[in-house]
Amino acid sequence: MTVLRYIVPPSADGQRLGIFLRTQGVTAGLIKSVKYNGDGFFADGAPLHTDRPVHTGQQITFALPPEPPTSVTPQPVPFTVAYEDEFAAVLEKPAGIAVHPTLNYPDGTLANGWLYYLQKQGRIGVFRSVNRIDKNTSGLVLCAQNAFAAPLLADSAQKCYLAIVQGCLPPGPGEVEAPIARRGDSIIGRCVRVDGKYSLTKYTVLAVGTGHSLVACTPCTGRTHQIRVHMAYIGHPLAGDTLYGGSDSILPRHALHCAVLRFAHPVSKQAIRIQSALPPDMAALARSEGLLSGWDLQEL
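The model shown is predicted, which means the values in this text are computed figures rather than measured ones.

1. Observations regarding the pairing of strand β12 (residues 200-208)
Consideration 1: One ladder, built from six bridges, connects strand β9 (residues 172-177) with β12; its direction is antiparallel. Bridge pairing in β12 places G174 opposite Y203.
Consideration 2: Here β12 pairs with strand β13 (residues 212-219) via seven bridges, running antiparallel. If you follow T204 over to β13, its bridge partner there is A216.
Consideration 3: Between the antiparallel neighbours β12 and β13 lie three residues.

Have a look at this one:
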């Protein structure tokens, strides 16, 4: 059972408990769940209703309610746990595995694998991914361990991807600011279109080979296929990305890897940074193009 504790500062003296909790990042939905599905709230060990005032120096505590049942079936699925504590987990996903069960991929997903991982340890939980990556994108996926952590992690998460694009881009920084909309000829495809949603991708060209470039991309907005669409829009589709004009003659999947994930810890507020090296398929292509030298993953 996870118990959260807060000391009331002088600035919050006299605030109603519900308002104080909201200032600490506790959502209205979680407050309601603790009231009706949990054990309630306590001030220095005594029950306290959310409409009652709190006072300087009081310790406010509450236990997170039990997790709701999940319909996801535990299954052995390959992934690596890059980071885990009581509130957050970062999973390293191989390419070819979907994050969530869908109509096309009802099982064998990262969610199935996480439930199997918990089951093997005798733990009960649900799968709450904060960032999603495409089935054929590899790399880091941030997950919340409980309902309290989920919105806080979502607010602070920042991702940096490594992409191998076709063609030779000028070394150094750049950005693509172009609206993204659904593409009419495809259920999943997207395109740059004037009536699309605002989208911004910042990037740095790390290395340039004879026919490909290695690019570090930071999506400042969270549109579907954003990096893939933006790189294709400037004439440099990802290697292997046949949906957006790339060739799969060298790589059978789009060359995109979530390599760096930053977030603030929901309780301590400590800045946490997790990194993941290029997977073997992308590393082999980068090596053949001479793209592995002159840059350091630690600096991204």
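Still more ground to cover, so stick around.
2. Structural notes on the pattern of salt bridges
Consideration 1: Following the criterion strictly, the structure yields six salt bridges and no others.
Consideration 2: A salt bridge links R123 to E84, with the shortest nitrogen-to-oxygen separation between them at 2.9 Å. Of the two residues, R123 is situated in the loop between α3 (110-120) and β7 (138-144) and E84 in strand β5 (residues 80-84); the sequence distance between them amounts to 39 residues.
Consideration 3: Accessibility expressed as a relative area gives 31% for R123, which makes it partly exposed.
Consideration 4: Given a relative accessible area of 28%, E84 falls into the partly exposed group.
Consideration 5: Put simply, R228 and D241 hold a salt bridge, and the shortest N to O gap is 2.8 Å. Linking R228 in helix α5 (residues 226-233) with D241 in the loop between α5 and β14 (256-264), this pair joins segments that are 13 residues apart in sequence.
Consideration 6: Here R228 falls in the buried class, since its relative accessible area comes to 6%.
Consideration 7: What makes D241 buried here is its relative accessible area of 1%.
Consideration 8: The network of salt bridges with shared partners includes D134, R228 and D241.

3. Re the nonpolar core
Consideration 1: Counting residues in each nonpolar core, the largest one holds 61 residues, and the members touching the most others are I60, F62, F127 and F148.
Consideration 2: Those residues in contact with F148 that lie beyond four places of it in its chain are L4, Y6, Q24, G25, V26, L30, L64, F87, P266 and V267.
Consideration 3: If you look at the next biggest cluster of nonpolar residues, it comprises 21 residues, including L206, A255, M282 and L285.

Rules used in this analysis
Residues numbered from 1 in each chain as written. Predicted model: local features only at pLDDT ≥ 70, side-chain atom pairs only at ≥ 80, totals over all residues. Heavy atoms only, no water. Pairing = 2+ DSSP bridges. Helix = DSSP H or I, 4+ residues; strand = E, 2+ residues; numbered from the N terminus. Salt bridge = Lys/Arg side-chain N within 4 Å of Asp/Glu carboxyl O. Buried < 20%, exposed > 50% of the residue type's maximum accessible area, 1.4 Å probe, protein only. Core = buried A, V, L, I, M, F, W, Y, C linked by side-chain atoms within 4.5 Å. Contact = heavy atoms within 4.5 Å.

What is shown is where atoms sit, not what they do.
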